[in-house]
Amino acid sequence: MLQPLSRKDFWEIESALSIIQAPVPFSSTANKMPAIHHKLLLEDALQDSPQTRSLLSVFEEDSGMLTDYTNQLLQTMQRVFGAQSEMGLATEQLSRQLLDYEKKNFALGKGDEEVIATLQNFSKTVGELNSLHSELASQMADSMVFPLIQFREKDLTEISTLKEIFSIATDEHEAAMVKYSRLPKKKENEKLKADLVKEVAYTRRKQHQASLQYYCALNALQYRKRVAMLEPMLGYTQAQASFFKKGIELVSKKMESFLNSVSKMTQNIQAQLDVEAEAMRTCQKELLSMDDTVYMPDKDTECGNRTLIQKAGYLNIRNKTGLVTTAWDRLYFFTQGGNLMCQPRGAVAGGMVLDLDNSSVMAVECEDRRYCFQITSPSGKTSMILQAESKKEYEEWICTVNNISRQIYLTDNPEAVAIRLNQTAIQAVTPITSFEKRQEGSPNPDRAKPGGAHATRSDSQKSGSAPEPEDLIAPGTPIQFDIMLPASEFQDQNRAGGRRTNPFGETDGTTESDDSLLQQVFAVRFLGSMAVRCGDNQEVIYEAMRQVLAARAIHNIFKTTESHLLVTSSSIRLIEPQTQVTRISFQLEEVCQFAAHQENGRLMGFVVEGRDWSDGNEEGEPSFSTFVFESNTEGEKICYTINLAKEITEAKKDPEALAQLMKNMPLTNDGKFLLLEPGTGDSNDGEGQEDLESEA
């Protein structure tokens with residue numbers, strides 16, 4: 001922790017500076033340099049005796065050791081200078097870095113105004129200290145490093161050069177003396193002798209001059225080395241003394257109050273940290289003392305919250321990695337408004353995965369995994385399979401998506417609306433698994449109020465407004481989620497004389513001729529059926545779809561079984577694919593209304609009109625039931641096929657109309673109607689035609 005400088009600290013620093021600046025107490029002869037006791041005599045240079053050579057070797061050895069030491073000392077001083085220069089650059093960078101704290105715009109930087117102001121003051125102070133460090137580095141370069149470099153480059157280099165010249169001159173003199181010593185005694189060699197005498201004299205003079213210069217330089221080196229050793233350290237000490245003196249003036253005059261305030265600030269922050277650390281230790285201890293079931297993925301036994309309109313958590317999503325291979329990725333999903341969002345780990349924000357408005361959700365069996373459910377877009381073109389971590393999460397995700405798909409989040413109080421709708425649905429929806437298990441009472445709620453359905457419908461038509469859900473379906477109407485054949489009926493269809501329906505339109509010769517005009521099979525899943533109040537309005541089908549899907553979500557009934565829906569020119573049959581047993585059949589004239597979902601094209605339904613004789617009336621009261629299916633193809637194709645079957649039924653009453661219909665509609669090779677896409681019209685060239693044969 002940064003502590004302020006007290007008066008005692010200032011006094012100690014000033015005392016240290018006074019010690020640095022005070023002269024060292026030498027002896028009485030301290031101001032007098034000791035005399036040089038060893039030197040080369042210039043008078044002995046010409047004689048070049050072995051004694052002189054021996055003394056010269058001592059001087060040369062001393063010079064060599066001085067050269068090595070000077071190089072090492074210079075490296076050390078350059079290192080000190082480099083460190084001081086780096087200190088100046090580092091303090092300059094530190095000053096700029098302190099100012100950059102304000103420019104970083106930390107996401108959690110709220111409340112850092114005092115810290116920013118303090119760092120700005122520190123930056124200014126560090127800048128002033130940086131100027132002192134730069135000045136100290138400059139003084140070191142001038143008064144410490146440069147003198148030693150000059151001594152090495154001038155004096156020591158001169159010694160080395162003179163040594164080489166002296167060695168060359170000595171070798172030349174020795175060669176001349178060897179030639180002179182070989183002169184013969186004959187007089188005819190006087191001319192050669194004179195030449196050799198001149199050569200010896202020349203080389204000897206040259207050696208004498210080189211030796212004098214060399215001796216003088218070696219003698220002078222004994223004085224220069226002392227100056228060279230002391231002068232750099234004198235400059236270094238003076239530079240440091242000046243640096244400390246200016247530094248203490250800066251600290252004592254400008255920073256004492258500032259450092260005191262910063263010290264108090266850091267102490268307050270440390271106290272806050274201690275309190276927070278203690279609170280975190282307590283919280284950590286409490287969290288770690290919980291039961292181990294907290295860490296278990298499927299520990300919750302209670303049911304999930306069915307009224308959620310927002311949900312977030314990790315889910316596994318299935319992705320295709322090849323034609324038949326898949327991979328599961330664990331990602332973080334959350335709902336935002338009417339959208340399902342996904343945010344991978346490390347991402348700053350999430351992205352939209354699917355628009356949940358009017359989407360459908362149901363539980364699915366997928367790769368032997370638990371808690372899987374599928375979300376499908378209204379168009380049916382986009383779907384995704386997700387896996388929850390626990391049963392509670394699984395139920396809450398399904399209910400949340402179902403609530404969002406009904407656009408509850410757009411209301412003023414979505415939580416209250418979700419609670420009210422959930423309570424109403426629980427009270428109103430009673431799941432039934434077979435026709436044999438209907439509750440006591442009339443299957444058609446309209447009978448409780450004779451003429452009620454017709455009166456309500458006429459009132460709504462007069463007002464011109466859309467009918468209310470209560471006008472279409474009575475509250476509390478039971479819903480059937482499956483079609484279970486009684487054992488007796490199943491046996492009847494398999495006894496002798498009975499036959500199984502062939503879904504591919506093949507006949508065994510006993511099929512009615514009327515059915516041969518049109519036979520079309522679609523793969524569908526029965527979602528539910530319920531009694532309704534009218535059969536002349538498509539809105540009743542849409543409302544039945546909504547209530548069936550909502551009831552399935554509320555009661556966690558998501559599993560469905562695939563069946564074959566066979567549409568012929570006389571009837572509609574629901575067939576079991578494995579056994580080819582007809583589960584339920586309706587005559588075409590009983591189907592009074594049919595429609596596909598306006599947004600989810602895979603959903604379709606139709607209304608069947610029947611008669612109720614429970615009141616004793618011979619003619620019977622009309623009753624209506626709506627059946628809802630989900631198909632693998634577009635629901636519009638099924639509706640188009642039913643419409644075509646009705647046209648054929650009407651045309652069969654008039655042979656000419658039937659002939660005209662068969663003339664306008666293309667036929668297959670075996671004389672059956674070839675189905676076209678709705679709205680394609682008559683086309684002789686075959687373009688735009690699509691054979692709607694079964695995908696089953």
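Note that this is a predicted model, so its numbers are computed, not measured. (Residues numbered from 1 in each chain as written. Predicted model: local features only at pLDDT ≥ 70, side-chain atom pairs only at ≥ 80, totals over all residues. Heavy atoms only, no water.)

Asks: Please clarify how the overall build of the protein chain should be interpreted in this entry.
Replies: Along the backbone of the protein chain there are 12 helices and 16 strands. Counting over 696 residues, the protein chain shows a buried share of 38%. A fraction of 67% describes how many contacts in the protein chain between residues 6 or more apart in sequence connect residues 24 or more apart. A total of about 41000 Å² of accessible surface is found on the protein chain, and carbon and sulfur atoms cover 52% of it. (Helix = DSSP H or I, 4+ residues; strand = E, 2+ residues; numbered from the N terminus. Buried < 20%, exposed > 50% of the residue type's maximum accessible area, 1.4 Å probe, protein only. Contact = heavy atoms within 4.5 Å. Areas by Shrake-Rupley, 256 points an atom, 1.4 Å probe, with all protein chains shown as cover.)

Asks: What is the right way to read the sheet that holds strand 7 (residues 383–387) from this model?
Replies: The pairing of strands in a sheet happens through backbone hydrogen bonds and is either parallel or antiparallel. Pairing is antiparallel across the open sheet formed by 7 strands, whose spatial order is 4-3-2-1-7-6-5. Taken across any chain shown, the strands that pair with only one partner, and hence form the sheet edges, are strand 4 (351–355) and strand 5 (360–363). Neighbour to neighbour, the strand axes of the sheet diverge by 40° on average, direction disregarded. Pairing of strand 1 (residues 312–320) with strand 2 (residues 326–336) involves 9 bridges; the strand directions are antiparallel. Within the sheet, the bridge partner assigned to Leu-315 lies in strand 2 and is Leu-331. Against the sheet, helix 5 (residues 391–405) engages strand 1, strand 2, strand 3 (339–343), strand 5 and strand 6 (372–376), with an angle of about 15° to strand 6. (Pairing = 2+ DSSP bridges. Axes fitted to C-alpha atoms, helices over the stretch in contact; angles between N-to-C directions.)

Asks: Would you explain the nonpolar core in this entry?
Replies: Nonpolar side chains in soluble globular proteins tend to be buried together. If you look at the biggest cluster of nonpolar residues, it comprises 30 residues, and the most contacted ones within it are Leu-56, Phe-151, Tyr-214 and Leu-218. When residues in this core are grouped by element, the largest group, 12 residues, is from helix 3 (residues 113–181). Grouped together as the second largest cluster of nonpolar side chains are 29 residues, Leu-518, Leu-574, Phe-606 and Phe-629 included. (Core = buried A, V, L, I, M, F, W, Y, C linked by side-chain atoms within 4.5 Å.)

Asks: Which parts of the structure should I look at to understand the packing of aromatic side chains?
Replies: Each aromatic ring pair is described using two quantities: the centre-to-centre distance and the angle formed by the ring planes. A full pass over the atoms with the stated rule returns 15 aromatic pairs. For the pair Tyr-101 and Phe-106, a centre-to-centre distance of 5.1 Å together with 40° between the ring planes defines the contact as tilted. A relative accessible area of 47% places Phe-106 in the partly exposed class. Between the aromatic rings of Phe-243 and Phe-244, the centroid separation amounts to 5.7 Å while the plane-to-plane angle is 75°, which identifies the pairing as edge-to-face. By relative accessible area, which is 38% here, Phe-244 ends up partly exposed. (Phe/Tyr/Trp six-rings, centres within 6.5 Å; stacked < 30°, edge-to-face > 60°.)

Asks: Where do I start with the pattern of salt bridges in this structure?
Replies: Note that side chains of opposite charge can pair when their charged atoms are close. The final tally for this structure, using the stated rule, is 20 salt bridges. The closest approach of N and O atoms between Arg-152 and Glu-153, which form a salt bridge, is 3.0 Å. Given a relative accessible area of 26%, Arg-152 falls into the partly exposed group. The exposure class of Glu-153 is partly exposed, given its relative accessible area of 45%. (Salt bridge = Lys/Arg side-chain N within 4 Å of Asp/Glu carboxyl O.)

Asks: How should I be thinking about the state of the cysteines in this particular structure?
Replies: A disulfide bridge is the covalent bond that connects two cysteines by way of their sulfur atoms. Applying the stated criterion across every chain, the model contains 0 disulfides. Lacking any disulfide linkage, Cys-534 is separated from the closest cysteine sulfur, that of Cys-592, by 8.7 Å. (Disulfide = S-S within 2.5 Å.)

Asks: In this structure, what is going on with helix 5? I would like to understand it.
Replies: Along an α-helix, residues three or four positions apart point the same way, because every turn accommodates 3.6 residues. Between its first and last C-alpha, helix 5 extends 21 Å over 15 residues, near the 21 Å set by a 1.5 Å rise per residue. In terms of burial, helix 5 is a largely internal element, 12 of the 15 residues being buried. Immediately beyond the C-terminal end of helix 5, within one or two residues, lies Gln-407, with a positive phi of roughly 60°. (Expected span 1.5 Å × (residues − 1).)

Asks: For this particular structure, what's the right way to read helix 11 (residues 635–651)?
Replies: For helix 11, spanning 17 residues, the distance from its first C-alpha to its last is 24 Å, which sits close to the expected 24 Å at 1.5 Å a residue. Along helix 11, 12 of the 17 residues are buried, which leaves the element largely enclosed by surrounding structure. Among all positions in helix 11, only Gly-635, Lys-637, Ile-638, Cys-639, Tyr-640, Thr-641, Ile-642, Leu-644, Ala-645, Ile-648, Thr-649 and Ala-651 are buried.

Asks: It is not clear to me how the confidence of the model for the protein chain should be interpreted in this structure. Could you clarify?
Replies: Do not read the fine detail of predicted coordinates wherever pLDDT is low. Residue-level pLDDT values for the protein chain average 77, and 76% of them are 70 or greater. For the stretch residues 19–30, pLDDT sits under 50, and the model shows 4 contacts to residues farther than four places along the chain or on other chains. In this model, residues 427–463 is a region of pLDDT below 50 whose contacts with residues beyond four sequence positions or in other chains number 57 contacts. (pLDDT = per-residue confidence, 0-100.)

Asks: I tried to follow a nonpolar patch on the surface on my own but got confused; where do I start?
Replies: On the surface, Leu-287, Leu-288, Met-290, Val-294 and Tyr-295 cluster together into a nonpolar patch covering about 510 Å² of accessible area. Note on placement: Met-290 falls in the loop between helix 4 (190–288) and strand 1. Classification of Met-290 by relative accessible area gives partly exposed; the value is 38%. (Patch = residues over 30% accessible without salt bridge, like charges linked within 9 Å, V, L, I, M, F, W, Y side chains within 5 Å.)

Asks: Looking at this structure, how should I read the environment of Ala-241?
Replies: With respect to the helices and strands, the residue Ala-241 is situated in helix 4. The class of Ala-241 is buried, set by a relative accessible area of 8%. Separated by 105 residues in sequence, Ala-241 and Leu-136 have C-alpha atoms that sit 9.7 Å apart.

Asks: Can you help me understand the packing of helix 2 (residues 50–103) against helix 3 in this one?
Replies: Each pair of packed helices gets described by two things: the angle between the helix axes and the distance between those axes. Their axes nearest at 7 Å, the elements helix 2 and helix 3 cross at an angle of 160°. Here helix 2 lies roughly antiparallel to helix 3, going by the angle between them. Remark: the crossing between helix 2 and helix 3 carries left-handed chirality. Per-class residue counts for the contact of helix 2 with helix 3 are 29 nonpolar, 16 polar and 6 charged. (Parallel < 35°, antiparallel > 145°, perpendicular 65-115°, else oblique. Left-handed = near helix turned anticlockwise from the far one by under 90°. Nonpolar A, V, L, I, M, F, W, Y, C, P; charged D, E, K, R; others polar.)

Asks: So what exactly am I meant to see when it comes to the side chain of Gln-84 here?
Replies: Residue placement: Gln-84 occurs in helix 2. Reaching out from Gln-84, the side chain makes a polar contact with the side chain of His-133 at a distance of 2.9 Å. Gln-84 has contacts with His-133, Leu-136, Ala-137 and Met-140, leaving out every residue within four places of it along the chain. (Polar contact = N/O pair within 3.5 Å; in protein donor to acceptor, adjacent residues only side chain to side chain.)

Asks: What should I look at first to understand the pairing of strand 16 (residues 621–631) in this one?
Replies: Remember that side chains alternate between the two faces of the sheet whenever the strand is regular. Extensive coverage of strand 16 is indicated by the burial of 8 of its 11 residues. Where strand 10 (residues 519–532) lies against strand 16, 8 bridges are found, and the strand directions are antiparallel. Pairing of Ala-531 across the sheet is with Ser-625, part of strand 16. In the sheet, strand 15 (residues 603–612) pairs with strand 16 via 10 bridges, with the strands oriented antiparallel. Within the sheet, the bridge partner assigned to Leu-603 lies in strand 16 and is Glu-630.

Asks: Can you walk me through unusual backbone geometry in this structure?
Replies: Negative phi characterises most residues that are not glycine, and trans characterises most peptide bonds. Within the chain, Asn-358 stands out as a residue other than glycine whose phi angle is a positive 60°. Following the sequence through the fold, Asn-358 ends up in the loop between strand 4 and strand 5. Among the residues examined, Asn-358 registers a relative accessible area of 26% and is labelled partly exposed. You will see that Gln-580, though not glycine, has its phi angle at about 60°, which is positive. Of the residues examined, Gln-580 reaches a relative accessible area of 17% and is grouped as buried.

Asks: Got a minute to help me understand the pairing of strand 2 in this structure?
Replies: Between strand 1 and the antiparallel strand that follows it, strand 2, lie 5 residues. Here strand 2 pairs with strand 3 via 5 bridges, running antiparallel. Bridge assignment links Gln-336 to a residue of strand 3, and that residue is Asn-339. What sits between strand 2 and strand 3 in their antiparallel hairpin is a turn of 2 residues, with Gly-337 showing a positive phi close to 65°.

Asks: Sorry if this is basic, but what is going on with the side chain of Asn-403 here?
Replies: Within the fold, Asn-403 resides in helix 5. Asn-403 sits in the buried class, given a relative accessible area of 6%. Once residues lying within four places of it in the same chain are set aside, the contact partners of Asn-403 are Arg-306, Thr-307, Leu-308, Ile-309 and Ile-408.

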